[in-house]
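As a plain string of letters, each chain reads:
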2 protein chains.
Amino acid sequence: MKRIKKTALSAFFLTLIFFVAQGQKPMDADSVFIRSLHEKALTQLSSYNWLTDICTKIGGRLSGSPQAAKAVDFTKKIMDSLGLDAVWLQPCMVPHWVRGEKEVVEMTGSQSGKTPLHALALGNSVGSPAAGVSGEIVEVKSLDEVDRLGEKVRGKIVFYNRPMDPTKLETFQAYGGAVDQRGSGPSRAAKYGAVGVMVRSMNLRLDDFPHTGALNYKKDVPQIPAVAISTNDAEKLSAALKKETVQGYIKTNAQMLPDAPSFNVIGEIRGSEHPEEIIVVGGHLDSWDPGQGAQDDGAGCVQSMGVLQLMKLSGYRPKRTIRCVLFMNEENGSAGADAYAAASNLKKEKHIAAVESDAGGFTPRGFSFDGEPDVLRTGFAKVGKWSGLMEPYGLRFKKGGSGADIGPLRSQQPLLIGFEPDSQRYFDYHHTAIDTIDAVNKRELELGTAAIASLVYLIDKYGL
Amino acid sequence: MKRIKKTALSAFFLTLIFFVAQGQKPMDADSVFIRSLHEKALTQLSSYNWLTDICTKIGGRLSGSPQAAKAVDFTKKIMDSLGLDAVWLQPCMVPHWVRGEKEVVEMTGSQSGKTPLHALALGNSVGSPAAGVSGEIVEVKSLDEVDRLGEKVRGKIVFYNRPMDPTKLETFQAYGGAVDQRGSGPSRAAKYGAVGVMVRSMNLRLDDFPHTGALNYKKDVPQIPAVAISTNDAEKLSAALKKETVQGYIKTNAQMLPDAPSFNVIGEIRGSEHPEEIIVVGGHLDSWDPGQGAQDDGAGCVQSMGVLQLMKLSGYRPKRTIRCVLFMNEENGSAGADAYAAASNLKKEKHIAAVESDAGGFTPRGFSFDGEPDVLRTGFAKVGKWSGLMEPYGLRFKKGGSGADIGPLRSQQPLLIGFEPDSQRYFDYHHTAIDTIDAVNKRELELGTAAIASLVYLIDKYGL
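Below or above, wherever it landed, is the structure these notes cover.

Residue and element names in this part refer to chain A. Where strand 1 (residues 86–98) meets strand 10 (residues 255–269), 12 bridges bridge the pair, whose relative direction is antiparallel. What sits directly across from valine 87, in strand 10, is glycine 267. Sheet topology places strand 10 next to strand 12 (residues 320–327); 5 bridges connect them, and they run antiparallel. Directly across from glycine 267, in strand 12, lies its bridge partner cysteine 324.

With that settled, consider the relation of the copies chain B and chain A. By a simple turn and slide, chain B fits onto chain A: the slide is 0.0 Å along the axis, the RMSD is 0.0 Å, and the turn is 180 degrees. Within this description, the copies of the chain are treated as partners about a two-fold rotation axis. It is Gly394(B) whose C-alpha, among those of chain B, lies nearest the rotation axis, at 4.2 Å. A symmetric contact is evident, with 98% of the interface residues of chain B recurring at the interface of chain A.

Attention shifts here to the interface of chain B and chain A. Each partner contributes to the interface: chain B provides 63 residues, whereas chain A provides 62 residues. Taken together, the two surfaces of chain B and chain A that pack against each other cover about 5100 Å², and 49% of this comes from carbon and sulfur. For the pair chain B and chain A, the interface holds 4 salt bridges. Between Arg396(B) and Glu391(A) there is a salt bridge whose closest N-O contact spans 2.5 Å. On the surface where chain B and chain A come into contact, there are 16 residue pairs in polar contact (both at pLDDT 80 or more). Its residues assigned to classes, the side of chain B that touches chain A comprises 18 nonpolar, 20 polar and 25 charged.

So, on to unusual backbone geometry. The step from Asp296(A) to Asp297(A) runs through a cis peptide bond, and the omega angle for that step is 5 degrees. For Asp297(A), the position within the fold is in helix 10 (residues 294–313). Non-glycine residue Asn124(A) carries a positive phi angle of around 80 degrees. Counting through the fold element by element, Asn124(A) comes out in the loop between strand 4 (119–121) and strand 5 (133–140). The phi dihedral of Asp220(B) is positive, around 65 degrees, even though this residue is not glycine. Mapped onto the elements of the fold, Asp220(B) is located in the loop between strand 7 (196–200) and strand 8 (226–229).

Attention now moves to the packing of aromatic side chains. Residues and elements named next belong to chain B. Summed over the entire model, instances satisfying the criterion amount to 30 aromatic pairs over all chains. Measuring from ring centre to ring centre gives 6.3 Å for phenylalanine 362 and tyrosine 426, while their planes differ by 85 degrees; the resulting arrangement is edge-to-face. With phenylalanine 362 in the loop between strand 13 (350–356) and strand 14 (364–370) and tyrosine 426 in helix 14 (residues 426–429), this pair connects stretches of sequence that are 64 residues apart. A single burial state applies to phenylalanine 362 and to tyrosine 426, both of which are buried. Both rings, one in tryptophan 386 and one in tyrosine 462, keep their centres 6.2 Å apart while their planes meet at 35 degrees; by these two values the pair is tilted.

Take the pattern of salt bridges next. Residues and elements named next belong to chain A. Under the criterion given, the structure shown has 62 salt bridges over all chains. A salt bridge links lysine 461 to aspartate 30, with the shortest nitrogen-to-oxygen separation between them at 2.8 Å. With lysine 461 in helix 15 (residues 442–462) and aspartate 30 in helix 2 (residues 28–43), the pair connects residues that are 431 residues apart, well separated along the chain. Given the relative accessible area of 24%, lysine 461 is considered partly exposed.

The next point concerns the environment of Tyr249(B). Residues and elements named next belong to chain B. Looking at the secondary structure, you find tyrosine 249 in strand 9 (residues 246–251). For tyrosine 249, a relative accessible area of 22% corresponds to the partly exposed category. Residues tyrosine 249 and arginine 162 lie 87 residues apart in sequence; the distance between their C-alpha atoms is 21 Å. Setting aside residues no more than four positions away along its own chain, tyrosine 249 makes contact with Val104, Val105, Glu106, Ala131, Gly132, Val133, Ser134, Ile157 and Met198. Polar contacts involving the side chain of tyrosine 249 include one to the main-chain carbonyl oxygen of alanine 131, which spans 3.1 Å.

With that settled, the discussion passes to the pairing of strand 14 (residues 364–370) of chain A. Residue and element names in this part refer to chain A. With 7 of 7 residues buried, strand 14 lies mostly within the body of the structure. Pairing of strand 14 with strand 16 (residues 415–421) involves 6 bridges; the strand directions are antiparallel. By the bridge assignment, proline 364 is partnered in strand 16 with proline 421. In this sheet, strand 15 (residues 396–399) lies alongside strand 14 in parallel orientation, the contact comprising 4 bridges. What sits directly across from serine 368, in strand 15, is lysine 398.

Rules used throughout
Residues numbered from 1 in each chain as written. Chains lettered and ligands numbered in written order. Predicted model: local features only at pLDDT ≥ 70, side-chain atom pairs only at ≥ 80, totals over all residues. Heavy atoms only, no water. Pairing = 2+ DSSP bridges. Helix = DSSP H or I, 4+ residues; strand = E, 2+ residues; numbered from the N terminus. Least-squares fit on C-alpha atoms with pLDDT ≥ 70 in both. Contact = heavy atoms within 4.5 Å. Buried area = accessible area lost by both parts, 1.4 Å probe. Salt bridge = Lys/Arg side-chain N within 4 Å of Asp/Glu carboxyl O. Polar contact = N/O pair within 3.5 Å; in protein donor to acceptor, adjacent residues only side chain to side chain. Nonpolar A, V, L, I, M, F, W, Y, C, P; charged D, E, K, R; others polar. Phe/Tyr/Trp six-rings, centres within 6.5 Å; stacked < 30°, edge-to-face > 60°. Buried < 20%, exposed > 50% of the residue type's maximum accessible area, 1.4 Å probe, protein only.

Right, here's the structure in full:
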């Protein structure tokens, strides 16, 4: 298309006109400052360059890995360069799971013969015996179905194949409705004697990329090998099972090593009036190993650091303490989140708000607010007054979930805030080999940083 | 990230609760129907498959090309399969510009030597003489600067290098602020005796992909060859010019052949109560040649056909006539748009609304409304009453531009409506070799179709 929009006035001025037309006083200084945060984000932020380096020079950063250690050093150096009031590493012990050699996963139909499947061992899963495990494949759509089958799955491989619900507008809801198969499916199958588990990847598309992710073994149930297979292969396997008996083979080489030392990376600008009131912005520094952890959650890390950079670029001196935390080990243990909350409680700190960016670096759409009932009621009413300032940027406020890493702070009664970018593409990349820097658009990423910085600015200026 | 959102209620039900809380009567039937349009779009639409075929089996569809002819046949067959009340081809004569052999464009610094540049001839441009054109390169930032230089550009190559403004939130505004260099720059330079023109690609990113697009030669000024160079090369050339004199070389092989016969592709469902009131949805079937014309504007075509498919899938019998038009030749002449409006005027048709999708198949954000002042005032007030129905889908209404292909209908006084998807990534692909099916996300595309269908449904049901 070659047309030129006639819209001569920017959304910003339209908003001012709207305020005037409504007889309301525009919050001029705030409008102007938020506009300048967006302009600086689109022209001066380093977020995208940082992310490019994290992705291409370090890559996937599984907890306990040499890459995770490199990412700690690299992001600490970035924070050291920002002229903050303090930067430090906070120790934590993390699970140290290693994938080992490439998995071999196959299906062999009684008539159609052997087909290799695109597969990844699930995080935290055990390796198979050296010879692999074999068994007839039984397809199910739910954990309940396994309960109903009971002893019929003994000696077999259970194949969980309930797709994410495509009719959910928010893809995280579709994820939430399917991920129990990955998290709890292996132990449920093992309870009845299954020897292995295949799970349809948590992916709304049909493609060849398997999506890994954590499983949680239940105590007192045998630990059996479990893999995710690509959605295309899940369709292929399901079609074969309608026509013939199919034998499965799983050979994985994963193991859980002893816990390893690691760190959260933290930096802050101290408040000029209420330094004791802390506003946290954070993402998680660890990632799954097959890709570069670009959208999950390198994006959230560089946005969180970017918020502090934007404050510095703007010469803004916050009244309250604004702290960036890059949490370690969100993917398979949350050790960093727990260590951060424990240390904060021990120091009797008071977090008034915590913002988590862990849904990718896509075009920002808004924020989701959570917290203890009283805090949420008061806080949501307060931020609601700022909605006119955020609306020109397409940002909406709602109540809902926030994030896994800020959850442990709940006892300090902060307003818990999840940054919500557009979610349509997230599960194309999530936990796959294609979660690379190519999946990130620079402007979308930077607009997210500006959105978070704008909300943090308002919370800092007006309190909660 | 692995968290599961706590939000148990969908956006849809939250909206109903909102209506109830506000003491307003929810438009239940409309809410439910719009929800069902979205669910059907996400599960049953053929748009993405159609687009995949158009992109991979046909490819770029420049007006007058064999590919454009194939696209006419292919999309007519699709419409024939939808069970519409009428499908027809509407003839028009289109400019027939051909690129010819690959361009050769070089810069040669007095010290740094020769460097080939990533370049594409601008659409409608003449070819160079067989030996190419050479001249010292003069960098400018505007047409005015060429006027000020005047005779100083004689015998030289003018290099337009004013970037798109990255601080514009809507990328189309940034495009509108820079594209005069491509459209009018060549004739302005030729007026003072320049022998060739290089234009910085209309692209907000720094990369190696040149972006073509139409130029408009002015009458009575010599026609000189003109090319777009990639943004990376523009930066490189500009840096060289700060240090040394740089000679340019342009060899292009384009030519404008005699006008060729082509067609708009049209299908409609006739209205049951007011068949004489027409609501058009459309995109343009032609595209530039280097890529597959996926986002520009294959997306708009399959969405427009998808609107009719959705009506059929829903068993919805419109009161008014809903017509899909795939316009030919938007990119370099608008012959299809002119032919459509002329034929419609001749038949004394009455379009009450026209919706154009020509901004890509990204996540829908809203609609922009235009028209004659009275029509716009009344129409915008009317659609404003529906904003509560669209808001759960993140759709907003504003006044502004609409689209190039529906513009010629203005004399019939329709409400002119531009579909507005998220614009951040559009100019990464626009008029390049990477505007391919890979640039399109299936869910984003389908949600766009659902958004347009929802608005068309409301206009059809309630009139304007």
